[in-house]
Amino acid sequence: MNFLDNYFKLSANGTTVRTELLAGLTTFLTMAYIIFVNPSILGDAGMPKDSVFVATCVAAAIGTLIMGLYANYPIGLAPGMGLNAYFAYAVVKGMGFPWQAALGAVFISGCLFVIVSLFKIRELIVNSIPHSLRTAIPAGIGLFLAIISLKNAGIVAASPATFVTMGDLHQPAPVLAIIGFLVIVALDKMKVRGALLIGILVVTVLSFVFGGNHFSGVFSAPPSVAPTLFQLDIKGALSMGLLNVVLVFFLVELFDATGTLMGVAQRAGLMKNGKMERLNKALLADSGAIVAGSFLGTSSTTAYIESAAGVQAGGRTGLTAVAIAVLFLLCLFIAPLAGVVPAYATAPALFFVACLMLRELADIDWNDTTECVPAVITALIMPFTYSIANGLALGFISYAGLKLLTGRVKDVSVVIWIIAAIFLFKLIYLGE
């Protein structure tokens, strides 16, 4: 215990081994859906699903372990939602590239990440983000979490007329999710430790009685990863005109991960004077995980906004991340058990965290429209376009544009001008 305290600085961060492990379990339960969703999406691109399942678990474990042991942050990493959809439906099915070449593009983007992280270019970018946008990022992530959780719970559904509408509240899933949410809020108000995890477990237990959930065993041997291991085609990625795809991967990875890291760190109280002390280490963990994932056979790995659930449960150090990594590895052998927790059981925890993250909007300077308007744009575009990167893109562009139009060019750093120009170029010439 003394070793763990000294290595992860538990006492200095006001936490304990028990709290960190509980936080790790909480975050893992909110992230576990990816080990089933990722193989399904990449399977649509022609990749062998069983191998992608193994690659997903191992890539998540490697990235999260680096984040915990090297960067000492309570943040989980796994193949990113959105990035996997772009990989499968835009690059492979839409543009007609082989999935091996697409993996090569992921590898190249990861290598670019490592380079800009080693030279602290990413850190320079992140630390140049103005206070208003930095404040809007966790709020926007909170709104993004909200729409994800409401969708997973069945409370919000798609509508061809209005885009979104109320789901069928007569179904077990939304009813159980609402019960879970009320349980979590009540327990949190009473300062009960592990409120989020208790809420998740309560809904999971009820799902066997009312939700038609079935217990399908505990253990199973992991499938072979050979069909996707080292199958990336780097030469093909360079020769087949995929450099445009590499740029898109790079930009989305950069700002999805950066926004998530800052949002979760701010929620955990780990920001000092508006900056992350070990940001470069966290960025290296993130970029290294992308390279590892491309070797294993999965789309880009990134920091997960669901880590906010573990932070809310008390996670403050890398020990939380280590716990997440171990659980991902165990999933290789207990896939049936991991699949027992339905998405609507973790939805209440995510929605509760989303509610709390919106408090960040109170720190925005509402008297200066050149500051508050870009912040609001950043926060709203994230959930409405289902993309953290899109919110950041329009936020940066509007921030620089408004400062230019109001004669306050000096308020904008050179880095922000460059980022806004790159995003503008991407939106005009590369699309989403």
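Per an unreviewed UniProt entry, the recorded name for the chain is NCS2 family permease, and the organism is Herbaspirillum lusitanum. UniProt's Sequence similarities (unreviewed entry) comment on the chain is quoted here verbatim: "Belongs to the nucleobase:cation symporter-2 (NCS2) (TC 2.A.40) family. Azg-like subfamily."

Secondary structure summary: the chain contains 20 helices and 6 strands in total. What you see for the chain is a C-alpha radius of gyration of 21 Å, in line with the 22 Å of a compact globule of 432 residues. Seen through its C-alpha atoms, the chain measures out along the principal axes to roughly 60 × 55 × 50 Å. Looking at the chain residue by residue over its 432 residues, the buried ones come to 56%. At a minimum sequence separation of 6, the contacts of the chain that also span at least 24 residues come to 81%. Taken as a whole, the chain presents about 17,400 Å² of accessible surface, with 69% of it coming from carbon and sulfur.

As defined by bridge partners, strand E2 (residues 156–159) adjoins strand E3 (residues 163–166) across 4 bridges and the pair is classed as antiparallel. Across the sheet, alanine 158 pairs through a bridge with valine 164, a residue of E3. Between E2 and E3, which follow one another and run antiparallel, lie 3 residues.

All chains considered together, the criterion is met by 9 aromatic pairs. These aromatic residues form a ring-pair network of at least three members: Phe3, Tyr7 and Phe8. The positively charged end of arginine 278 is found above the aromatic ring belonging to tyrosine 73, 4.3 Å away from the centroid. Between lysine 281 and the ring centre of tyrosine 70, over which it is positioned, the NZ or CZ distance is 5.3 Å.

Basis of the calculations
Throughout this document, residue positions are counted from 1 along each chain, in the order its sequence is written. Local features are withheld for residues below a pLDDT of 70 in this predicted model, meaning they are given only at 70 or higher, and side-chain atom pairs are given and counted only at 80 or more; totals for whole chains, interfaces and linings count all residues. Note that the side-chain values use all heavy atoms of the structure and ignore hydrogens as well as water. UniProt positions are given in the numbering used here, feature names are shortened, and annotations may be inferred rather than shown by experiment. Note on conventions: DSSP H or I runs of at least 4 residues are helices, E runs of at least 2 residues are strands, and numbering of each starts at the N terminus. Using C-alpha atoms as the atom set, the radius of gyration is obtained and then compared with a globule rule of 2.2 Å times the number of residues to the power 0.38. Three labels apply to residues, based on accessible area from a 1.4 Å probe with only protein chains included: buried if under 20% of the type maximum, exposed if over 50%, partly exposed otherwise in between. Whether two residues are in contact is decided by their heavy atoms, any of which lying within 4.5 Å being enough. Residue burial considers only the protein chains on display, and all accessible areas are found by Shrake-Rupley using a 1.4 Å probe. Two strands pair if DSSP finds at least two bridges between them. Only Phe, Tyr and Trp rings are paired, with Trp represented by its six-membered ring, and only when their centres lie within 6.5 Å; those with planes under 30 degrees apart are stacked, over 60 edge-to-face, the remainder tilted. A ring has a charge above it when a Lys NZ or an Arg CZ is no more than 6 Å from the ring centre and no more than 35 degrees off the ring normal.

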